[in-house]
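One-letter residues, chain by chain:
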2 protein chains.
Amino acid sequence: MTFSLPPATVTLDGPRFVVQYDYSAPAEGDARQVAIEIALEQTVELSWEITSPGDIRDRVVGQLESLTLTDNDRWSARISYPVEAIAGSIPGLINTMFANTSMKQGIKVTDLEIPSAVAGLFPGPQHGVHGVRQLLNAPDRPLIGTALKPLGYSAERLAEIARAFAMGGIDIIKDDHNLHDQRFATFRERTARCADAVNQSNARTGGQSLYAPHVSGPIDSMLERAHLATELGAGALEIMPGIMGYDAIRLLVTDGPGLPVLSHPALLGTYTLSKEQGIAHAVVFGTLARLAGADITIFTHFGGRFSTTKQDCEALIAAAARPVDGMKPILPMPGGGMTVSRVPEIVDFYGNDVILLISGDLFRTEQSLEEAARHFCNAVRDIK
Amino acid sequence: MTFSLPPATVTLDGPRFVVQYDYSAPAEGDARQVAIEIALEQTVELSWEITSPGDIRDRVVGQLESLTLTDNDRWSARISYPVEAIAGSIPGLINTMFANTSMKQGIKVTDLEIPSAVAGLFPGPQHGVHGVRQLLNAPDRPLIGTALKPLGYSAERLAEIARAFAMGGIDIIKDDHNLHDQRFATFRERTARCADAVNQSNARTGGQSLYAPHVSGPIDSMLERAHLATELGAGALEIMPGIMGYDAIRLLVTDGPGLPVLSHPALLGTYTLSKEQGIAHAVVFGTLARLAGADITIFTHFGGRFSTTKQDCEALIAAAARPVDGMKPILPMPGGGMTVSRVPEIVDFYGNDVILLISGDLFRTEQSLEEAARHFCNAVRDIK
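The structure displayed is predicted, hence computed values, not measured ones.

K.L.:
Before we go on, may I ask you to explain the overall build of chain A in this structure?
P.N.:
Looking only at helices and strands, one finds 15 helices and 13 strands in chain A. The C-alpha radius of gyration computed for chain A amounts to 23 Å, which stays within 12% of the reference 21 Å derived for 384 residues, consistent with globular compactness. Counting only residues that meet the buried cut, chain A has 65% of its 384 residues in that class. Taking contacts inside chain A between residues at least 6 apart in sequence as the whole, the part at least 24 apart equals 74%. A total accessible area of about 12800 Å² is found for chain A, and carbon and sulfur atoms account for 48% of it.

K.L.:
Got a minute to help me understand the sheet that holds strand S4 (residues 108-113) of chain A in this structure?
P.N.:
Across a sheet, paired strands are connected by hydrogen bonds in the backbone, their directions being either parallel or antiparallel. Residues and elements named next belong to chain A. Pairing in this open sheet of five strands is mixed, and the strands run S2-S3-S1-S4-S10 from one edge to the other. Two strands close off the open sheet at either side, each with one partner strand: strand S2 (63-71) and strand S10 (278-279). Bridge count between strand S1 (residues 16-24) and strand S3 (residues 74-82): nine bridges; the pairing is antiparallel. Considered in S3, the bridge of Tyr-21 is made with Ala-77. Lying over the sheet, helix H3 (residues 90-98) contacts S1, S3, S4 and S10, oriented at roughly 40° with respect to S1. Taken strand by strand, helix H12 (residues 281-292) contacts S4 and S10, and its axis lies near 30° from that of S4.

K.L.:
I tried to follow the pairing of strand S6 (residues 172-175) of chain B on my own but got confused; where do I start?
P.N.:
On any regular strand, side chains alternate: one points to one face of the sheet, the next to the other face. Residues and elements named next belong to chain B. What you see with S6 is no split at all: Ile-172 and Lys-174 on one side and Ile-173 and Asp-175 on the other are buried throughout. As judged from the four bridges shared by strand S5 (residues 143-148) and S6, these two strands associate in the parallel manner. In the sheet register, Ala-147 faces S6, and the bridge partner there is Lys-174. In terms of strand pairing, S6 meets strand S7 (residues 210-212) through three bridges, oriented parallel. In the sheet register, Ile-173 faces S7, and the bridge partner there is Tyr-211.

K.L.:
In this structure, what is going on with the packing of helix H12 (residues 281-292) of chain B against helix H13 (residues 310-321) of chain B? I would like to understand it.
P.N.:
Helix-helix packing is described using two parameters, namely the angle between the two axes and the distance between the axes. All names here are of chain B. Following both chains from N to C, one finds H12 and H13 inclined at 20°, their axes separated by 8 Å at the closest point. Relative to H13, the element H12 is oriented roughly parallel. Note that H12 runs across H13; the crossing there is right-handed. Facing His-281, Ala-282, Phe-285, Gly-286, Thr-287 and Arg-290 of H12, the residues of H13 in contact are Asp-312, Cys-313, Ala-315, Leu-316, Ala-319, Ala-320 and Ala-321. Partitioned by chemical class, the residues of the contact of H12 with H13 number eight nonpolar, three polar and two charged.

K.L.:
It is not clear to me how the side chain of Ser-216 of chain B should be interpreted in this structure. Could you clarify?
P.N.:
Within the secondary structure layout, Ser-216 of chain B lies in the loop between S7 and helix H8 (222-231). In terms of polar contacts, Ser-216 of chain B uses its side chain to reach the backbone amide nitrogen of Met-240 of chain B, at 3.1 Å.

K.L.:
Would you mind going over the relation of the copies chain B and chain A with me for this structure?
P.N.:
Both copies of the chain are related by one operation, a rotation about an axis with a shift along it. By a simple turn and slide, chain B fits onto chain A: the slide is 0.0 Å along the axis, the RMSD is 0.0 Å, and the turn is 180°. These values place the two chain copies in the arrangement generated by a two-fold rotation axis. Within chain B, the C-alpha atom positioned nearest to the axis of rotation is that of Gly-245 of chain B, 2.4 Å from it. A share of 99% of the interface residues of chain B reappears at the interface of chain A, consistent with the copies meeting face to face through the same patch.

K.L.:
I would appreciate a short explanation of the sheet that holds strand S9 (residues 261-263) of chain B in the present structure.
P.N.:
Residue and element names in this part refer to chain B. The parallel open sheet is built from four strands, whose spatial order is S8-S9-S11-S12. This sheet does not close on itself; its edge strands, each paired only once, are strand S8 (237-239) and strand S12 (331-335). For this sheet, the mean angle separating the axes of adjacent strands, direction not counted, is 25°. With three bridges connecting them, S8 and S9 associate as parallel partners. Looking across to S9, one finds that Glu-238 is bridged to Leu-262.

K.L.:
I keep staring at the confidence of the model for chain A and nothing clicks. Help me out?
P.N.:
When pLDDT drops low, the exact placement of atoms in the prediction is not to be read closely. With 99% of its residues at a pLDDT of 70 or more, chain A shows a mean pLDDT of 95. Reported confidence for the predicted complex is 0.97 by ipTM and 0.97 by pTM.

K.L.:
So what exactly am I meant to see when it comes to the interface of chain B and chain A here?
P.N.:
Each partner contributes residues to the interface: chain B has 93 residues there, and chain A has 92 residues. Counting the surface lost from both chain B and chain A, the interface buries some 8000 Å², and carbon and sulfur atoms represent 58% of this. There are ten salt bridges connecting chain B and chain A. Salt-bridge contacts for Glu-45 of chain B lead to Arg-305 of chain A; the nearest nitrogen and oxygen are separated by 3.2 Å. Summed over the shared surface of chain B and chain A, the number is 38 residue pairs in polar contact (both at pLDDT 80 or more). Only helix H2 (55-60), helix H3 (90-98), helix H6 (155-168), helix H9 (241-244), helix H10 (247-255), helix H11 (269-273), strand S10 (278-279) and helix H15 (360-363) of chain B provide two or more residues apiece to the side of chain B that touches chain A.

K.L.:
Is there a simple way to explain the pattern of salt bridges in this structure?
P.N.:
Where side chains of opposite charge bring their charged atoms close, a pairing between them can arise. Across all of its chains, the model carries 46 salt bridges over all chains by this definition. Between Glu-84 of chain A and Arg-183 of chain B there is a salt bridge, and its shortest N-O distance comes to 2.4 Å. Residue Glu-84 of chain A is located in the loop between S3 and H3, and its partner Arg-183 of chain B is located in the loop between S6 and helix H7 (187-205); the two belong to separate chains. Residue Asp-247 of chain A pairs with Arg-250 of chain A through a salt bridge whose shortest N-O separation is 2.8 Å. Remark: Arg-250 of chain A and Asp-247 of chain A occur in helix H10 (residues 247-255); sequence separation between them is three residues, near one turn of the helix. The buried category is assigned to Asp-247 of chain A, whose relative accessible area is 4%. With relative accessibility at 10%, the residue Arg-250 of chain A sits in the buried group. Each of Glu-41, Glu-45 and Lys-104 of chain A together with Lys-149, Asp-176 and Arg-305 of chain B takes part in a single network of salt bridges with overlapping partners.

K.L.:
Honestly, unusual backbone geometry in this entry has me stumped. Any pointers?
P.N.:
Most peptide bonds adopt trans geometry, and most residues besides glycine take a negative phi value. Cis geometry marks the peptide bond from Lys-149 of chain A to Pro-150 of chain A; its omega dihedral reads 0°. Along the polypeptide, Pro-150 of chain A turns up in the loop between strand S5 (143-148) and helix H6 (155-168). Look at Glu-45 of chain A: it is not a glycine, yet its phi comes out positive at around 50°. Inspection of the secondary structure assignment puts Glu-45 of chain A in the loop between helix H1 (28-41) and helix H2 (55-60). We classify Glu-45 of chain A as buried; its relative accessible area is 12%. Positive phi outside glycine occurs at Asn-137 of chain B, with the angle close to 50°. Relative to the assigned elements, Asn-137 of chain B resides in the loop between helix H5 (128-136) and S5. The exposure class of Asn-137 of chain B is exposed, given its relative accessible area of 55%.

Criteria and thresholds
- Residues numbered from 1 in each chain as written.
- Chains lettered and ligands numbered in written order.
- Predicted model: local features only at pLDDT ≥ 70, side-chain atom pairs only at ≥ 80, totals over all residues.
- Heavy atoms only, no water.
- Helix = DSSP H or I, 4+ residues; strand = E, 2+ residues; numbered from the N terminus.
- Rg over C-alpha atoms; globule rule 2.2 N^0.38 Å.
- Buried < 20%, exposed > 50% of the residue type's maximum accessible area, 1.4 Å probe, protein only.
- Contact = heavy atoms within 4.5 Å.
- Areas by Shrake-Rupley, 256 points an atom, 1.4 Å probe, with all protein chains shown as cover.
- Pairing = 2+ DSSP bridges.
- Axes fitted to C-alpha atoms, helices over the stretch in contact; angles between N-to-C directions.
- Parallel < 35°, antiparallel > 145°, perpendicular 65-115°, else oblique.
- Left-handed = near helix turned anticlockwise from the far one by under 90°.
- Nonpolar A, V, L, I, M, F, W, Y, C, P; charged D, E, K, R; others polar.
- Polar contact = N/O pair within 3.5 Å; in protein donor to acceptor, adjacent residues only side chain to side chain.
- Least-squares fit on C-alpha atoms with pLDDT ≥ 70 in both.
- pLDDT = per-residue confidence, 0-100.
- Buried area = accessible area lost by both parts, 1.4 Å probe.
- Salt bridge = Lys/Arg side-chain N within 4 Å of Asp/Glu carboxyl O.

As structure tokens, then:
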């Protein structure tokens, strides 16, 4: 007779949310055993026989909603957890989804279903596809983005490049994610000069280009940078949730200046690259970015210099727009070695609700950066 | 003739830090090419031919310091970056180390060398091995830790368990990382009751057990929870940098109440599991946790229910204690399915500077939790 835990004194009869895990197992019995281990690991962290009966065993522990053989020995287990487990926070949600199971070989999160009971806990994207289009005065065409670089340039020189991009007609000119608050281009000076350059160009061209400075850095400087950026004339904000935490996006939404938020994929590749483990591309760059409140999700498109697949990108399109009660769809911003010559193909793949992110290719121009930017914009506008 | 970027107007002659990357390549020329691509990707994000000459090409771009064939077709490239690139922040350091390269197949960060020019940017661990030992009045023996669980229990019931663990003599009683601020055991009530239970037990036993509540949740609630925990009598704080960001640890050190910080490995397994990609176990749980300021780093020991290897743990021991100018060594806290019967073997492996983390196994007792805790403590104290 072993010690046994008394039942819980609380009741949990609230809504649940579902996470889907994929893994290999030789037979259904084994697959079911893996699912039970995940369900315990992600909640009580006790083995089944010592988990107290009653509501802890029946409701706190993840419940196996379905188990499906998808391919050879591959299984998809859909496990539900009580929404109350996440304690109303983005970190709580991510924790319940995958925290300790990330340390076991061969288990991949392939879906996260967001019921309104979860969506309602967070403000979500404030602008979404429609809001960003309004800011850009571009109701339906594909949108155009680029990155300001390279690291090492002074704020003044970066502003010259931003000016060229805006004069050429680029919609969103974002900082390269390596630009933080370096001595040779401080956050304040870079943002001031680049925002000025873009806004002055708008005044000349009649355009509505937005400059999006990168506000990652010390977490307790982020909101200050975000508000400063707004004062200095920035039009959007960029952040790296893989390094700053997804809750940094939520904080930018709840306590920031209200500008559209771009989520950058830095460090997140490790989750998405392997078919065997981690978290699916669509969940990382689609569902989580959107739930946290990003309006625009940057990720690597397939066929560039990164290791993304076509299926990853298809699933992401779906996750960015999947109907969720009260949550706006967001804009995919595929990049990572894209070229202007690929514009028709990329738009064909994503449809018009996309921001094409091309940067390095513009620097390969035989003309000026402004001409290169114009050539890119024309390539997008020429699409029928 | 393509457009060419003018040289930078700034000079960078400051100190550098080194990141080591491991990958496969058929021959030295290919291995060198991969290294150059990493060096560009992590800095200027431009191809070499359009990177402007002068200090950007020569100093901002990562420099290949050494390239070594380690095994068959495996190469180790040591690449140095200017410390100024990280702009004095933990997110900046992690970004420069691996941000975009994480999205390429087959590249793993296997070392991060911390020169004093980097260490000096951050406060580092405030207590370290020696400081934690002083708080516990345990100058040289192996230390003893456990986790309070399960999720779903009321604060009152969790406090009963905390009391049993403290009466049994456990040094550090930490929250299971699934305990956040759930309705049925709010952060405030749980911390108040559990800290009281532990402190009252100390008064009875003459012990110096510490209760470590988990302060993860909304990032803008973290410091408030940390200060509240101190007022309520907690003795340490637990945080999940994989979900909250490593800079959350730094913020707990610079703006928190000064209690020892425990770093929990949630979500970080995906980085460390694969030999082919991600970031090495020792870098994630050793170097980064220590640099950010954790005093205690929790991770999964080999041979438990997680997929960690013996080599991973050996490297971690080295990283936790590696001499770094002005930075205290920190305590490894291996857990994840450890049992009391393994205590001698684990201590033999880590030496005395370790906190043994055993939790689920205590609940399998045939006696009371207090007896189970005492049995665990005796197993540690019996080691000669």
